[in-house]
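Given next are the chains, with one letter for each unit.
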Amino acid sequence: MGISVKIHNVKNIDDFEFEIPTQKGLYALTGENGSGKSTVISCAAAAFYVPSFYDYFGNPREGAFIEFKFDGKSRSVREKDGRWQSPAKTEFLGITGFYEGSIVFGNRFKDIDYSLLGKLASVEKSDLEAASDFVKKSLGNILHDDETYYKELYVLKYGIAKKMNLRRTPYYYENKGALISQLNMSTGENLLLTILSSIETRLKKDVYGKTPAFMFLDEIELALHSSALRRLVFFLRDIAEKNNTVVLFSTHSIELIRSITPEHIFYLQRHVNGSIESINPCYPVYATRNLESSNYGHDYIIMVEDDLARIMVERILREKRLLSNKRVLVIAVGGWTQVLRFAYDTIRSNLALSTTKILIILDRDIKDSVPGFLRNEHIGFSIEPNYLPIKSLEKYLMDKLTKNIDTVLFRELNDYLFQGKSLDAIIKDYFVKEKTNQYKDSEKINNGKMLYETLNHELRQIRKTESDLVAIIVDYLFRSESLEVNELTAFLEDKLK
């Protein structure tokens, strides 16, 4: 159960609903420029603290509000008589966290004032104290892959910083006898030092109950090299796992998004009428519009919904030797509407070479919905979409494990995958929870997603992944040699030979 957020008339957002995840881990919020990422993450931060609303949102629009609901509790920020009204003291959701805002409205450059540069340059070493090992080692590891790189890192003593009217105590490092203030460091060092200081402060505080603490970071990739970004991801993931924390950051960075699982990526899609849709799960290729093309491009790009489809298509390509003398890229994009829109954008916006042919393969359960969607969206393709042998992974498993039970598949999954809690016990427990109304989302129950989430949860307990499950199912489908597998094979042979 997440923290529900409802945003109305805040900056350029008229109405938007979002759910803040409450399972520890690393999450990304992404979207094109102007999609509302910074506004959404700033609004979400009001769940656990009271920001300067005028700094972040300006004067409120009429009727503006941000509402939160979590675990039977509520909290809200509202416009009243043309002014922002903070949450009442009693409106506490029982969570804690911190927010590091954007480069414009965040804390990173709050103290930048050219008149201060001279004062900071006059600081003596006796005015400083050693920076914490956490900040020194983390900064060195992330920026240089060397935890000793900033061993001569210092911080201005709190009393002196207060006399200078500084909101944050700046850092210094010593270079060949000279003291370099944080404001004179590189932009990357300056940004990261502020973030690390905030994280250190957060980690010293308690986490309330079982709910994770929250770290919201806006535009964290600015001025960081791609190698540093990858190390930053590992650092944040480690923080999240070891300290029961949800780390949510907004980003445009391909490096960062590639490092996050699709289930943890939220893509803000702003439509022509101004409305905003949150797409989750979202595959990195859809979020970044990056096709990972080689210098020579691709002869074919095959767009599919998920990793099950990708693995299945790649297996047909290998077994039928359809990769000879051609470059073929198979990419998982996300839901079927995302696949169709992305394929159309790729053609219309020249994201691929003009000689590249685009093939689309979707889950079979939406076959009847596709023609109407294409008409409504005014989308057309020279090569019509084709379909997988199964409706969807979730519906396939629900059918084969609970309704028309396939005993062979059931035994394979039980014997070779679910070696902790048995598949029999998992299914029985699932039915008990369904009958006692412990699952509230009827749509997820009916389309198999609730069962699939249950199976995935058990896999994580025994350190298995969705990929392990998909591999067994693909092998089973190919051994069965169904008519639908043969149809998909014939389609690929016809288009690629």
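As a convention, each chain's residues are numbered from 1 in the sequence order in which they are written. Residue-level local features of this predicted model are given only where pLDDT is at least 70; pairs of side-chain atoms are given and counted only at 80 or more, and the full residue set underlies all totals for whole chains, interfaces and linings. To obtain the side-chain values, all non-hydrogen atoms of the structure were included, while hydrogens and water were left out.

### Considerations on the overall build of the protein
No. 1: The helix and strand labels rest on DSSP assignments: H or I over at least four residues marks a helix, E over at least two residues marks a strand, and numbering proceeds from the N terminus. In terms of helices and strands, the protein carries 19 helices and 19 strands.
No. 2: The quantity called the radius of gyration is restricted to C-alpha atoms. Its globule counterpart is 2.2 Å times the number of residues to the power 0.38. For 497 residues, the compact-globule formula gives about 23 Å, and the C-alpha radius of gyration of the protein, at 26 Å, lands near that figure.
No. 3: With respect to the three principal axes, the spread of C-alpha positions in the protein is 80 × 55 × 50 Å.
No. 4: Counting all 497 residues of the protein, 50% fall into the buried class.
No. 5: Note on contacts: a residue pair qualifies if any of its non-hydrogen atoms lie within 4.5 Å across the two residues. A separation threshold of at least 6 residues defines the contact pool for the protein, and within that pool the share at least 24 residues apart is 69%.
No. 6: Note on areas: Shrake-Rupley with a 1.4 Å probe; residue coverage comes only from the protein chains shown. Total accessible area on the protein stands at roughly 24800 Å², and carbon and sulfur atoms take up 46% of it.
No. 7: In the protein, 67 positive and 68 negative side-chain charges are present, and the distance between their average locations comes to 2 Å. Summary of the burial criterion: residues with accessible area below 20% of their type's maximum are buried, those above 50% are exposed, and those between are partly exposed, where the area comes from a 1.4 Å probe applied to protein chains only. Only four residue types enter the tally: Lys and Arg on the positive side, Asp and Glu on the negative side, with His and both chain ends excluded. Charge coordinates come from a single atom per side chain, which is NZ of Lys, CZ of Arg, CG of Asp or CD of Glu.

### Some remarks on the confidence of the model for the protein
No. 1: Looking at the protein, the pLDDT average stands at 86 and 94% of residues meet or exceed 70.
No. 2: For every residue, the pLDDT score states the predictor's confidence, bounded by 0 at the bottom and 100 at the top. Per-residue pLDDT stays below 50 along residues 103-111; that stretch engages in 33 contacts with residues further than four places along the chain or on separate chains.

### Notes on the packing of helix α4 (residues 133-144) against helix α7 (residues 226-242)
No. 1: In this analysis an axis means a line fitted to C-alpha atoms, helices contributing only their contacting stretch, and an angle means the value between N-to-C directions, from 0 to 180 degrees. Following both chains from N to C, one finds α4 and α7 inclined at 140°, their axes separated by 7 Å at the closest point. By the criterion of interaxial angle, the relationship of α4 to α7 is oblique. Each of Phe134, Ser138, Asn141, Ile142, Leu143 and His144 in α4 lies in contact with α7, whose residues at this interface are Ala228, Arg231, Leu232, Phe235 and Ile239. The cut-offs work like this: below 35 degrees is roughly parallel, past 145 is roughly antiparallel, 65 to 115 is roughly perpendicular, and the gaps in between are oblique.

### Remarks on unusual backbone geometry
A negative phi angle characterises most non-glycine residues, just as the trans form characterises most peptide bonds.
No. 1: Backbone torsion omega between Asn280 and Pro281 reads 0°, so that peptide bond is classified as cis.
No. 2: Position of Pro281 among the secondary structure elements: in the loop between β15 (276-279) and α9 (284-288).
No. 3: Although it is not a glycine, Asn9 adopts a positive phi angle of roughly 55°.
No. 4: Summarising the element assignment, Asn9 is placed in strand β1 (residues 3-10).
No. 5: Residue class for Asn9 comes out buried when judged on its relative accessible area of 13%.
No. 6: Backbone geometry at Asp145 places phi at a positive 55°, although glycine is not the residue there.
No. 7: Mapped onto the elements, Asp145 comes out in the loop between α4 and β9 (153-156).

### Topic: the sheet that holds strand β13 (residues 245-250)
No. 1: By definition, two strands form a pair when at least two bridges between them are found by DSSP. Spatially, the six strands line up as an open sheet ordered β7-β12-β13-β3-β14-β15, and their pairing is mixed. Edge positions in the sheet fall to β7 (97-100) and β15, since each of these pairs with one other strand and no more. For this sheet, the mean inter-axis angle between neighbouring strands, taken without regard to orientation, is 15°.
No. 2: Across four bridges, strand β3 (residues 25-31) lies against strand β14 (residues 265-270) in parallel orientation. Its bridge partner lying in β14, Gly31 is registered against Leu268.

### What to know about helix α18 (residues 466-480)
No. 1: Over its 15 residues, α18 runs 21 Å from end to end, which matches the ideal 21 Å to within 8%, given 1.5 Å per residue.
No. 2: All of the buried residues along α18 are Leu469, Val470, Ile472, Ile473, Val474, Tyr476, Leu477 and Phe478.
No. 3: Each element contacted by the buried residues of α18 is listed here: α10 (307-319), α13 (393-403), α14 (407-416), α17 (449-461) and α19 (483-496). One less than the number of residues in a helix, times 1.5 Å, gives the span that helix is expected to have.

### Section: the side chain of Ser253
No. 1: For Ser253, the location among the structural elements is in the loop between β13 and α8 (254-258).
No. 2: Definition of a polar contact: a pair of N or O atoms within 3.5 Å, with one able to donate and the other able to accept a hydrogen when the atoms are protein atoms, and with sequence-neighbouring residues admitted only if both atoms are side-chain atoms. At a separation of 3.2 Å, a polar atom in the side chain of Ser253 contacts the main-chain amide nitrogen of Leu256.

### Some remarks on the packing of aromatic side chains
No. 1: Each aromatic pair joins two rings of Phe, Tyr and Trp (for Trp, the six-membered one) with centres within 6.5 Å, and gets the label stacked for planes under 30 degrees apart, edge-to-face for over 60, and tilted for any other angle. As enumerated under the stated definition, the model contains 13 aromatic pairs in all.
No. 2: The interplanar angle of 55° and the centroid separation of 5.3 Å between the aromatic rings of Phe48 and Phe216 together place this pair among those described as tilted. With Phe48 in the loop between α1 (37-45) and α2 (53-57) and Phe216 in strand β12 (residues 213-218), this pair connects stretches of sequence that are 168 residues apart.
No. 3: Aromatic rings pair up to connect Phe16, Phe18, Tyr27 and Phe266 into one cluster.
No. 4: The ring centre of Phe478 lies 4.7 Å from the NZ or CZ of Arg315, which sits over that ring. Sitting over a ring, as applied to charges here, requires NZ of Lys or CZ of Arg to be within 6 Å of the ring centre and within 35 degrees of the ring normal.

### Observations concerning the pattern of salt bridges
No. 1: Salt bridges are identified by distance alone: a Lys or Arg side-chain nitrogen within 4 Å of an Asp or Glu carboxyl oxygen. For the structure shown, the criterion picks out 22 salt bridges.
No. 2: Notably, a salt bridge pairs Glu174 with Lys125, separated by 2.9 Å at the nearest N-O pair. Of this pair, Glu174 sits in strand β10 (residues 171-175) while Lys125 sits in the loop between α3 (114-121) and β8 (128-130), and the two are 49 residues apart along the sequence.
No. 3: The partner of Arg348 in a salt bridge is Asp345, and the shortest N-O contact between them spans 2.9 Å.

### Topic: the sheet that holds strand β17 (residues 328-332)
No. 1: Taken together, the four strands give an open sheet; going across it, the order is β17-β16-β18-β19, and neighbouring strands pair in parallel fashion. The sheet terminates laterally at β17 and β19 (386-387), the two strands that pair on one side only.
No. 2: With two bridges connecting them, strand β18 (residues 357-362) and β19 associate as parallel partners. The residue of β19 that forms the bridge with Ile361 is Asn386.
No. 3: Lying on the sheet, α10 is in contact with β16 (300-304), β17 and β18; it crosses β17 at an angle near 160°.

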